[in-house]
Amino acid sequence: MDDLLQTPLYDLHVRLGAKMVPFAGYSMPVQYPLGVMKEHLHCRTHAGLFDVSHMGQVILSGASWDAVARAFETLVPTDVLGLEEGRQRYGFFTNDAGGIEDDLMFARRGDDLFVVVNAACKGADVARMKAALEPDVTVTEITDRALIALQGPEAAAIVASMDAAAAKMKFMDLRNLELNGVTVWATRSGYTGEDGFELSVQKDQVETLAEALLAQDAVEAIGLGARDSLRLEAGLCLYGHDIDAVTTPIEGALNWAIQKVRRTGGDRAGGFPGADVILSQLSNGAARKRVGLLPEGRAPMREGVVLFDAAEGGTEVGVVTSGGFGPSVGGPVAMGYVGTDSAVIGTALWGDVRGKRLPLSVAKLPFVAANFKR
């Protein structure tokens, strides 16, 4: 643990009694004394505070919004140019084979683009952006800001009690807020399927803000364990598991994140890495697809479980990429990839768990309906 990086909230995690574990090169809290199950359910019913300061924060700036947006569109298959001021979108970097190098969030701040990338990929992502975009677009990794997330049905009321302007924000809005005397870059978004906010804060102010939020009766600190079960129930991908450099957005069931303007026939179709592969799959389909999976009984099926189309013999049709117990669902849930012939909701499959095949079925995602503020 000595060679791991620490977020600005490390000391607070220790004071709160967190169990710290290595994650993406950082020492991060996997759970607090409340425990993963109660943390998960508390976030679903009240509000949970997450430290996500290990994520990468980047600003892209140039001569104009048009210049910055068009440049970034050479790296992602999403509509950047059409993004309105104070709005955020989900996207991903692709490679020449159509695979996903990382997934990310990006938001327009004036003529600049604010990009948040995954911790394990941020070094490669910054290098990719610098190589492709500079000198016309300046790529600046933000190293003096932390990132926290407040998620859950009571999150909006808590944030609005500190700055009434928060109540006017809708899902994927971005604006500056003043919370407990601290200026934050707030987006109404998150990684749980619940309403909430992600808050970019100066490092020297984040502990004060985190303590003010935790002082609210409705708020509990939430670790990586519950973060994973929350995002799994919400049907959200974990990079390096459910999507990766050999998974295309179409295989990953992320078609919705590629806007019409970037598709075949659109005004700015193609022009991103792997466009030929991705646009062909958009038109013709892919050989496999990410789906929800519901194991029968109480035993979870975890990452790596191979899927078959029969209880004995039969054909291997896919694999589980994320799986565990869903506290809100009250049973095991999973996601994985299957051949398109097996991707129909309700299809019966069997997973090989330690040499024994157990039944499960293809299920609709998400397992828990999203509660975003539209």
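Residues numbered from 1 in each chain as written. Predicted model: local features only at pLDDT ≥ 70, side-chain atom pairs only at ≥ 80, totals over all residues. Heavy atoms only, no water.

K.L.:
Sorry if this is basic, but what is going on with the pairing of strand β1 (residues 19-23) here?
P.N.:
Successive side chains on a regular strand alternate, one facing one side of the sheet and the next facing the other. By the bridge criterion, 5 bridges tie β1 to strand β2 (residues 26-31) in an arrangement that is antiparallel. Residue P22 lies in a different strand from β2, and its bridge partner there is S27. The turn linking β1 back onto β2 is made up of 2 residues, and A24 within it adopts a positive phi angle of 50°. (Pairing = 2+ DSSP bridges. Helix = DSSP H or I, 4+ residues; strand = E, 2+ residues; numbered from the N terminus.)

K.L.:
I'm lost on the pattern of salt bridges in this one. Help?
P.N.:
Side chains that carry opposite charge are capable of pairing whenever their charged atoms lie near each other. Taken as a whole, this structure holds 18 salt bridges when the rule is applied. Taking the shortest distance from any N to any O, the salt bridge between E73 and R262 comes out at 3.9 Å. Of this pair, E73 sits in the loop between α3 (65-72) and β5 (88-94) while R262 sits in the loop between α7 (224-233) and α8 (275-284), and the two are 189 residues apart along the sequence. Between R128 and D125 there is a salt bridge, and its shortest N-O distance comes to 2.7 Å. Residue R128 and its partner D125 are both found in helix α4 (residues 122-133); the two are separated by 3 residues, about one turn of the helix. The exposure class of R128 is partly exposed, given its relative accessible area of 21%. It is possible to trace a salt-bridge network through shared partners that takes in E73, D79, R89, R262 and R268. (Salt bridge = Lys/Arg side-chain N within 4 Å of Asp/Glu carboxyl O. Buried < 20%, exposed > 50% of the residue type's maximum accessible area, 1.4 Å probe, protein only.)

K.L.:
So what exactly am I meant to see when it comes to helix α6 (residues 203-214) here?
P.N.:
With 12 residues, α6 extends 17 Å between its outermost C-alpha atoms, agreeing within 8% with the 16 Å of an ideal straight helix rising 1.5 Å per residue. Regarding α6, the residues found buried are V206, L209, A210, A212 and L213. One side of α6 holds all its buried residues, which, seen down the axis, span an arc of 160°. (Expected span 1.5 Å × (residues − 1). Arc of directions from axis to C-beta.)

K.L.:
I would appreciate a short explanation of the layout of surface pockets in the present structure.
P.N.:
Over the atoms a probe the size of a water molecule is rolled, and this reveals where empty space is left. In this structure, the largest pocket spans a volume of roughly 1,200 Å³. Along the wall of the largest pocket there are 49 residues; nearest its centre are Y90, Y191, L236, C237 and W256. At the level of secondary structure, the elements contributing two or more residues to the lining of the largest pocket comprise β5, β6 (100-109), β7 (112-117), β14 (288-295) and β19 (356-363). Broken down by element, the residue count for the lining of the largest pocket peaks at 4 residues, all from β14. Residues belonging to the lining of the largest pocket are distributed by class as follows: 33 nonpolar, 8 polar and 8 charged. What lines the second largest pocket is a set of 15 residues, and nearest its centre among them are Y26, S53, K122, T143 and K203. Residue composition of the lining of the second largest pocket, grouped by class: 4 nonpolar, 7 polar and 4 charged. (1 Å grid on protein atoms, 1.4 Å probe; cavity = no way out; pocket = protein on both sides within 12 Å on 5 of 7 lines; lining within 4 Å. Points joined across faces, edges and corners; volume = space filled by probe spheres on them. Nonpolar A, V, L, I, M, F, W, Y, C, P; charged D, E, K, R; others polar.)

K.L.:
Help me understand the sheet that holds β19 in this model?
P.N.:
The strands making up a sheet are joined through hydrogen bonds of the backbone, oriented either antiparallel or parallel. Read around the closed barrel, 6 strands run β14-β17-β16-β15-β18-β19, paired in antiparallel fashion. On average, each strand axis in the sheet is inclined to that of its neighbour by 45°, with strand direction left out of account. Sheet analysis places β14 next to β19, joined by 4 bridges and oriented antiparallel. When the bridges of β19 are listed, G292 appears paired with A363. (Axes fitted to C-alpha atoms, helices over the stretch in contact; angles between N-to-C directions.)

K.L.:
Whenever I open this one, the packing of aromatic side chains confuses me. Can you help?
P.N.:
For any pair of aromatic rings, geometry is given as the distance between the ring centres together with the angle between the planes. Under the defined criterion, the tally for this structure stands at 6 aromatic pairs. Pairing F72 with F106 gives two aromatic rings, centres 5.7 Å apart and planes at 65°, and the pair type is edge-to-face. Here F72, found in helix α3, pairs with F106, found in strand β6; they are 34 residues apart in sequence, far enough to count as distant. By relative accessible area, which is 0% here, F72 ends up buried. (Phe/Tyr/Trp six-rings, centres within 6.5 Å; stacked < 30°, edge-to-face > 60°.)

K.L.:
Can you help me understand helix α5 (residues 155-162) in this one?
P.N.:
What sets the pattern is the α-helix's 3.6 residues per turn: residues three or four places apart point alike. Residues of α5 that are buried: A155, A156, I158 and V159. Each buried residue of α5 lies within a common arc of 165° when the element is viewed along its axis, so the set occupies one face. Opposite its buried face, α5 presents the exposed residues A157 and S161, each directed more than 90 degrees away. In this structure, the buried side of α5 is in contact with β3 (47-51), β9 (145-151), β10 (174-179), β12 (196-202), α6 and β13 (219-221). (Contact = heavy atoms within 4.5 Å.)

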